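What the coordinates show
Single-letter residue listing:
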Amino acid sequence: MKKLLLGISALLACSSLVLHAQNYPKMSVKDVAAIPTDSLTKGSLQSPKIGDTVKMTGIVSLPPVVNYPTDNRKIMIAGNVNYAAFMRDTNSTLNEFAGVLVVCDTNNTASNFNRSRVGQLVEMTVKVTNFPANNLGAIQAQVIANSAVEFIDEGIALPALPKVKISDFVSGAIPATPQFLTGAKYIGMKVEFNDVTVASSVVSGAQRTTIIVTDAAGNQMYLRDQSNYYRTDAVKIGTFVAPQVGQKINSLKGYITSNNVGGQPVSFMISPA
């Protein structure tokens, strides 16, 4: 009996540890996405939250698939084995650090992440990461294994997009100088640019198109073909045709993301989606 009691005690202790380990702090999208001013002043997108695991609550602003369950094609590219979605803070008046890219392993279907739809209020357990994984890469969140998305509400209207300028993010022509203090607050958020011009549109051998847009002052940003709706290769969804050099664009809506170009991190890109 004594051995049995000891065994039960050990099991209870282990159960207690597991429950304690799952008691992650609850955070909003802004809590996860915010970058300290001292980091930005130093020209860095690093946050002390990188590496933390939290329960994040937010509103889906871009879903991972076209139309679950009838069309499960992935909308966003985020590595070869990841679903990707954008989340927005629940505070509709917030226009700083109010968005974040969330990725989930495609094999982790038990998480129900792929069921997410625009306007849903959800809670998910995520690890705060960044991409590219250095001080110039944007904050993102990764759904942890063996966790499930909790669907809380739906049909929530998204707020109007903040109007921004290329000069909020970069200064000069490619390779442009990042403007961390004015640009970082929009990472992961959908924003709108007005009156830009296509400065470069180059098709690669793989039929992907690299597009650079410019403002009247010569400040330039890359358009990232992270969304399959804006790809020009075989993975594309729809019939997008890349604009030509000199094309004027009255309105350009997209998410602010980061990526590598020629092995070098680029902190601010525009991902139409």
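In this text the structure is predicted, and so the values were computed from the model without any measurement. (Residues numbered from 1 in each chain as written. Predicted model: local features only at pLDDT ≥ 70, side-chain atom pairs only at ≥ 80, totals over all residues. Heavy atoms only, no water.)

Attention shifts here to the confidence of the model for the chain. Mean pLDDT over the chain: 92, with 92% of residues reaching 70 or higher. Under a pLDDT of 50 for its full length, residues 1-20 has, in the predicted model, zero contacts with residues more than four places off or in other chains. (pLDDT = per-residue confidence, 0-100. Contact = heavy atoms within 4.5 Å.)

Under the counting rule described, the total for this entry stands at eight salt bridges. Between glutamate 96 and lysine 185 there is a salt bridge, and its shortest N-O distance comes to 3.6 Å. Of the two residues, glutamate 96 is situated in the loop between strand E5 (82-88) and strand E6 (99-105) and lysine 185 in the loop between helix H4 (180-183) and strand E13 (190-203); the sequence distance between them amounts to 89 residues. When the shortest N-O distance is used, the salt bridge between aspartate 233 and arginine 231 registers 2.8 Å. Judged by relative accessible area, which is 11%, aspartate 233 ranks as buried. In this structure arginine 231 comes out as buried when scored by relative accessible area, which is 6%. Counted as one network, the salt bridges with shared partners bring together Arg208, Asp225, Arg231 and Asp233. (Salt bridge = Lys/Arg side-chain N within 4 Å of Asp/Glu carboxyl O. Helix = DSSP H or I, 4+ residues; strand = E, 2+ residues; numbered from the N terminus. Buried < 20%, exposed > 50% of the residue type's maximum accessible area, 1.4 Å probe, protein only.)

So, on to unusual backbone geometry. For the peptide bond that leads from tyrosine 68 to proline 69, omega is 0°, which places it in the cis range. Summarising the element assignment, proline 69 is placed in the loop between strand E3 (65-67) and strand E4 (71-74). With an omega of 0°, the peptide bond running from isoleucine 174 to proline 175 counts as cis. Mapped onto the secondary structure, proline 175 falls in the loop between strand E11 (170-171) and strand E12 (177-178). Its identity as a non-glycine residue notwithstanding, phenylalanine 97 has a phi of 50°, on the positive side. Position of phenylalanine 97 among the secondary structure elements: in the loop between E5 and E6. Of note in the backbone geometry, asparagine 146 takes a positive phi value of approximately 60° without being a glycine. Locating asparagine 146 in the fold gives a position in the loop between strand E8 (138-143) and strand E9 (150-153).

In terms of nonpolar packing, the biggest core is built from 54 residues, with Met56, Val102 and Phe193 touching the most fellow members. Discounting chain neighbours no more than four positions away, the residues touching valine 102 are Met56, Tyr83, Ala84, Ala85, Met87, Phe113, Met124, Val126, Ala141 and Val143. Judged by nonpolar contacts, the second largest core, of nine residues, contains Ala84, Phe86, Leu101 and Tyr255. (Core = buried A, V, L, I, M, F, W, Y, C linked by side-chain atoms within 4.5 Å.)

Overall, the coordinates contain six aromatic pairs when judged by the stated rule. An angle of 15° between the planes, with centres 3.9 Å apart, marks the rings of phenylalanine 86 and tyrosine 255 as stacked. Here phenylalanine 86, found in strand E5, pairs with tyrosine 255, found in strand E16 (residues 248-261); they are 169 residues apart in sequence, far enough to count as distant. Given a relative accessible area of 2%, tyrosine 255 falls into the buried group. Taken together, the ring pairs in this structure connect Phe169, Phe180, Tyr186, Phe193 and Phe268 into an aromatic cluster. (Phe/Tyr/Trp six-rings, centres within 6.5 Å; stacked < 30°, edge-to-face > 60°.)

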